[in-house]
Each structure stands twice: as structure tokens, then as C-alpha cells.
Amino acid sequence: MEKYGSLIGFIRKTFNSEDFIPLHAPYFGGNEKKYLNETIDSTFVSSVGEFVNRFEKDIAEYTGAKYGIAIVNGTNALHMAMLVSGVERNDEILSQSLTFIATANAISYIGAQPVFIDVDKDTMGMSPKALQSFLKKNAKKETDGYTYNLTTGRKISACIPMHTFGLPCRIDEIDEICKEWNIILIEDAAESLGSTYKGQQTGRFGKIGTFSFNGNKTITCGGGGALITDDETIAKRAKHLTTQAKIPHPWKFRHDEIGYNYRMPNLNAALACAQMEQLDRFIKNKRELAELYKGFFKNSEIEFVEEIVGAKANYWLNAVILGNEQERDLFLTETNNAGVMTRPIWDLMNSLPMFENCQNDGLENSIWLSERIVNLPSSFRP
């Protein structure tokens, strides 16, 4: 008899399905088809079109940022955020080992070096205590005002924490530490659109915030990403670089530096606008699902991961903590064999061959979580 049969039955009842239950399916219940047809009829299906501009206004207005820049995907949004922040080749970026690989990959696109800081167990996001401890032991703020790694001699130019699975980390404390050490804070809010911490939207604490709208995110436009900021200079430069650094002109093709083809296409933006109209409804629905899971696991040996005090999460993916790695694997085997899709958290970045030589702080909590975390089906339920 399956150990987790009651959970499988609960999930099937919750999603009202005896068929395969995915981890997170997209839901198109608004103006998606209408806006796509408008885009096709306009013939402006690429990066020039009214929906691109409209989406940039929508994402800025929703988050409370002054500027929004539509990017082709979340990974490229992170890459652009570092470029326009002045991160240079061989700089060091403080980030998490417990993250999706896009964070570390984007750092590598710059030619910078990731340094992995541990997370808090209750948020799965960067630990401010671990961050401050690492800097005090391993860094020095020099007379030029910048912070350097005492071991490598490299400049530590930026810090990129992530709001894991839509659960806000202690980003205000991280922000204060970054200001103390003159390190640029870039929020990887790829998974946390609509989540707030102490009343403020995630992505709004740092100099720049970035989002992803991949097919499995809370809202999706197939691919897609965005960059938000209050800095006009950064916003203008990001828009310029993402449109191949082309100088506006009625007919000439003039480019003043190396640019990137990172502008979101109008087709994707049409989907994004329709999805943004439903975002509050999606989050309300997903928070209700989280409450159902929380109730199911209340008297269980399995711990449901909840938002911390001061946070209001979008609960993009619901997560539970198993007793150990063996129990986690049994859980994954039984649920997936039953057609209920569950997944472990990502392999730690420092366990991958590309990043195994990167400096880290021991990553005690990251290792503990990587052996125990499982994500449950978390789709919007119409």
C-alpha cells in the first residue's frame, strides 16, 4: 500500500481530476485570444507594437515602479540588469546556490563570478545573517568606496537574492547590508510577481527587480520577462540595449554600442497584458490552495512551507519538507507513479561542474533543504 495514498487522493479531489495532474499549468481565461487576434491583424507581431508598451506600463503600475522594460525572458532580464548596473567581467556577484540555474547562468554571461551565500530555512531565500557574516569574514570596503573579496581580490559589485517559489525572503535586511557595503542589490523576483513583503512588492527593494513569465509561472506569455526600476537612466539604457542599441531614425540603421535582441515580441506582450488583468484573481486562488495544503499537513510529519511574518506570498509553487532524502525520494516516486506531478528543488549550483569551484560559505541550510524539499501541484483552479 502506498504511504502517500491519502495525499494523492487529496490532490486529485482538490483539482477534481483523475487524469494526470501537472505541477503548474498555464490558464488562459481572459482576453488572451482577443489580444492575440488584434496583434495578428495589426501585423506588428515582433518587438514593435502597442502591447509591448502597454505591458511595460502595466508591470510598472502594478509593482509601483516608475519604469518597466519588457524583456524576451527572465534570464535575459537578469543579464540586462547586471549590464546596466555596471557589473563588469571578473567582478563577483553574491547569490544563492539554492536557485534555478538561470541566476548563475546570467552572472556567467557577464563574465562575472558567482559567490554562493546560504539561505534561511523558513524562506529558502538568501539569509541576511549569512550574507553579513560572509562579508565581515571575507571582504573589505576599500578607500574607493567599493567592497573587495579578501581572498580573490575581486570587486564584489552586486548581490542577487531570489524569492524562492514566490515566498519573499528578508529582502529589507539584505537591502540594508548591501547599502552598508556599497553593493548593488538586484532582486531575482522571477517567481514572485504579486508577492509583497512588509507591504511592498517584491522586485521593488533593490536598484532593479527582474521577473519571468515562462510557461509555468503565475502569469505567462509563453516566454517573457521584465525589468523594473525607479532609475530613469537605467531604464533608458536598458531599453536602448535591448533594442540592439539602435539610434532612433526614420530610416537609417545606426547603432552606437554592442546591443542585444532582448525586446519582448508584441505577440508575447499581448498574452502578458491579458494575464496581468487576471493576476489578482490568480493569486487569490493560489493562496486559497495553499490554505488547503496547510490544513492537510497540519497534523502531519510533513512540514508545509509557509510565508514568514510580514510576507504575503503568491504561492507560485507550494512546497513541503520531508524528513530526509530517502523519504523525499519515496514521496517523489509514489506521487509521480500515480500521475501526480511533484518535483524536488533544484540541484545546488555548486554541485554542478560549471560552478563547483565557486566560493561559498558552507551552505548548511541549502544542503539541508536540497535533500528534503518537494513541490506539489500548484496550478490555478478555475
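Just above sits the structure.
Small disclaimer: the values here were computed from a predicted structure and weren't measured.

A. Molecular detail of the environment of Asp 347. Mapped onto the elements of the fold, Asp 347 is located in the loop between strand E17 (343-344) and helix H12 (364-370). A relative accessible area of 56% means that Asp 347 is categorised as exposed. For the pair Asp 347 and Pro 128, spaced 219 residues apart in the sequence, the C-alpha separation amounts to 22 Å. The contact partners of Asp 347, leaving out residues within four places of it in the chain, are Ser 97, Thr 99 and Leu 352.

B. Quick peek at the sheet that holds strand E2 (residues 92-96). With respect to topology, seven strands assemble into an open sheet ordered E1-E11-E10-E7-E6-E2-E3, the strand pairing being mixed. Each end of this open sheet is capped by a strand with a single partner; those strands are strand E1 (67-71) and strand E3 (113-117). In this sheet, adjacent strand axes meet at a mean angle of 25° when their direction is disregarded. The strands touched by helix H3 (residues 50-63) within the sheet are E1, strand E10 (208-212) and strand E11 (225-229), with E1 carrying the most contacts at an inclination of about 130°. Lying over the sheet, helix H5 (residues 101-110) contacts E2, E3, strand E6 (156-160) and strand E7 (184-188), oriented at roughly 175° with respect to E2.

C. Here's a closer look at the pairing of E2. Taken across its five residues, E2 has five buried, putting it largely inside the fold. Here E2 shows a buried face lined by Glu 92, Leu 94 and Gln 96 and a second buried face lined by Ile 93 and Ser 95. As a crossover connection, the stretch from E2 through H5 into E3 is right-handed. Pairing analysis gives four bridges linking E2 to E6, with the strands arranged parallel. In the sheet register, Glu 92 faces E6, and the bridge partner there is Ile 156.

D. Expanded view of the sheet that holds strand E15 (residues 311-312). The antiparallel open sheet is built from three strands, whose spatial order is E9-E8-E15. Two strands in the sheet have a free side with no partner beyond their single neighbour: strand E9 (200-201) and E15. Direction of pairing for strand E8 (residues 196-197) relative to E15: antiparallel, over a ladder of two bridges. Its bridge partner lying in E15, Tyr 197 is registered against Ala 311.

E. Quick peek at the nonpolar core. The biggest cluster of nonpolar side chains holds 40 residues, and the ones touching the most others in it are Met 124, Phe 165, Tyr 293, Val 320, Phe 331 and Ile 373. Taken together, the elements giving at least two residues each to this core come down to helix H1 (5-14), helix H10 (279-296), strand E16 (318-321), helix H11 (325-337) and strand E18 (373-376). The element contributing the most residues to this core is H1, with four residues. In this view, Phe 165 contacts Met 124, Glu 191, Asn 314, Tyr 315, Trp 316, Leu 317, Ala 319, Ile 345, Trp 346, Ile 373 and Asn 375; residues no more than four positions away in its chain are not counted. In terms of nonpolar packing, the next biggest core, distinct from the first, is built from 27 residues, Tyr 35, Ile 59, Phe 213 and Ala 272 among them.

F. Main features of the state of the cysteines. Evaluated as defined, the whole model comprises zero disulfides. Free of any disulfide, Cys 159 has its nearest cysteine sulfur in Cys 178, 4.0 Å distant. Not part of a disulfide, Cys 358 finds its nearest cysteine sulfur in Cys 159, a span of 15 Å.

G. Layout of H5. Along H5, the positions that sit buried rather than exposed are Ala 102, Thr 103, Ala 104, Ala 106, Ile 107 and Ile 110. Those residues of H5 that are buried lie in contact with helix H4 (74-85), E2, E3, E6 and E7. Two residues or fewer after H5 comes Gly 111, characterised by a positive phi angle close to 90°.

H. The arrangement of the pairing of E3 in detail. The element E3 is extensively covered by neighbouring structure, given that four of its five residues are classed as buried. Pairing of E2 with E3 involves five bridges; the strand directions are parallel. Bridge pairing in E3 places Ile 93 opposite Pro 114.

I. Examining the pattern of salt bridges more closely. Throughout the structure, instances matching the rule amount to 22 salt bridges. Linking Arg 54 and Asp 58 is a salt bridge whose minimum nitrogen-to-oxygen distance equals 4.0 Å. On the criterion of helical spacing, the pair formed by Arg 54 and Asp 58 is a turn pair, its members being four residues apart in helix H3. Relative accessible area serves as the criterion here: at 28%, Arg 54 is assigned to the partly exposed category. Of the charged contacts in the structure, one is a salt bridge between Arg 154 and Glu 92, with a shortest N-O distance of 3.2 Å. Here Arg 154, found in the loop between strand E5 (147-149) and E6, pairs with Glu 92, found in strand E2; they are 62 residues apart in sequence, far enough to count as distant.

J. Quick peek at H10. Taking 1.5 Å of rise per residue, 18 residues should cover 26 Å, and H10 covers 26 Å from first to last C-alpha, within 8% of that figure. Within H10, burial applies to Leu 279, Phe 282, Ile 283, Asn 285, Lys 286, Leu 289, Ala 290 and Tyr 293. All buried residues of H10 project into a common sector of 165° when viewed along the axis, lining one side. Turned more than 90 degrees away from the buried face of H10 sit Asp 280 and Lys 284, all of them exposed. In the core, the buried residues of H10 are packed alongside H1, H3, helix H9 (266-276), strand E14 (303-304), E16 and E18.

Calculation rules
Residues numbered from 1 in each chain as written. Predicted model: local features only at pLDDT ≥ 70, side-chain atom pairs only at ≥ 80, totals over all residues. Heavy atoms only, no water. Helix = DSSP H or I, 4+ residues; strand = E, 2+ residues; numbered from the N terminus. Buried < 20%, exposed > 50% of the residue type's maximum accessible area, 1.4 Å probe, protein only. Contact = heavy atoms within 4.5 Å. Pairing = 2+ DSSP bridges. Axes fitted to C-alpha atoms, helices over the stretch in contact; angles between N-to-C directions. Right-handed = clockwise from strand over helix to strand, strands pointing away. Core = buried A, V, L, I, M, F, W, Y, C linked by side-chain atoms within 4.5 Å. Disulfide = S-S within 2.5 Å. Salt bridge = Lys/Arg side-chain N within 4 Å of Asp/Glu carboxyl O. Expected span 1.5 Å × (residues − 1). Arc of directions from axis to C-beta.

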